[in-house]
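One-letter residues, chain by chain:
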Amino acid sequence: MGVETGSWTGRAEMAKAWRATMSAYHGLRVVADECRERDDERVLALHSFGGWGKTSGIDLERAAPKGAILFHLRRGKVTRLVIYPDRECALADLGVERETDASST
């Protein structure tokens, strides 16, 4: 998917990182497929990608793996965001059983 690995703190750093990622694509979008509450402080959002690579023209909806984002929350604010470009890695890391429905392919 082309997502950089790293750690960013604060709105300005997050905005800069997202701008860099988004600049490589036309019409980049992340569509939430499902949200799962893990506990009082974590929510797992399972998502799909859409858009096209600017250089390659690749259709992300067909080519990109489904991903996940783990939101850590405290007092109604996101305190940590863990992005998994591959949904299966997120499910394995969290000890969640693999999905069995058609939306996981």
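Quick caveat: nothing in here was measured; it's all calculated off a predicted structure.

> Any details on a nonpolar patch on the surface? Residues and values, ideally.
A cluster of nonpolar side chains, contributed by Trp18, Met22 and Ile83, occupies part of the molecular surface with about 250 Å² of accessible area. Mapped onto the elements of the fold, methionine 22 is located in helix H1 (residues 10-22).

> Hey, could you go over the confidence of the model for the chain for me, with residue numbers and the actual values?
Considering every residue of the chain, the mean pLDDT works out to 86; 89% of them sit at 70 or more. Averaged pLDDT values over the elements of the chain bottom out at 86 in H1 and peak at 96 in strand E3 (residues 67-74). In this model residues 100-105 is a low-confidence stretch, pLDDT under 50, and it forms six contacts with partners more than four residues away in sequence or in other chains.

> Which residues make up the sheet that holds strand E1 (residues 25-39), and what values do they have?
Read across the open sheet, the four strands follow the order E1-E2-E3-E4; overall the sheet is antiparallel. Because the sheet does not close on itself, it has two edges, and the strands there are E1 and strand E4 (77-84). Going across the sheet, the axis of each strand differs from the next one's by a mean of 25°, ignoring polarity. The pairing of strand E2 (residues 42-53) with E3 spans six bridges and is antiparallel.

> Go over the pairing of E2 with me, naming the residues and quoting the values.
Counting buried positions along E2 yields nine of twelve residues, so the element is predominantly enclosed. Bridge count for E1 against E2 is eleven bridges, and the pairing is antiparallel. Residue histidine 26 lies in a different strand from E2, and its bridge partner there is tryptophan 52. Hairpin geometry of E1 and E2 is characterised by an intervening segment of two residues between the two adjacent antiparallel strands.

Conventions we followed
- Residues numbered from 1 in each chain as written.
- Predicted model: local features only at pLDDT ≥ 70, side-chain atom pairs only at ≥ 80, totals over all residues.
- Heavy atoms only, no water.
- Patch = residues over 30% accessible without salt bridge, like charges linked within 9 Å, V, L, I, M, F, W, Y side chains within 5 Å.
- Areas by Shrake-Rupley, 256 points an atom, 1.4 Å probe, with all protein chains shown as cover.
- Salt bridge = Lys/Arg side-chain N within 4 Å of Asp/Glu carboxyl O.
- Helix = DSSP H or I, 4+ residues; strand = E, 2+ residues; numbered from the N terminus.
- pLDDT = per-residue confidence, 0-100.
- Contact = heavy atoms within 4.5 Å.
- Pairing = 2+ DSSP bridges.
- Axes fitted to C-alpha atoms, helices over the stretch in contact; angles between N-to-C directions.
- Buried < 20%, exposed > 50% of the residue type's maximum accessible area, 1.4 Å probe, protein only.

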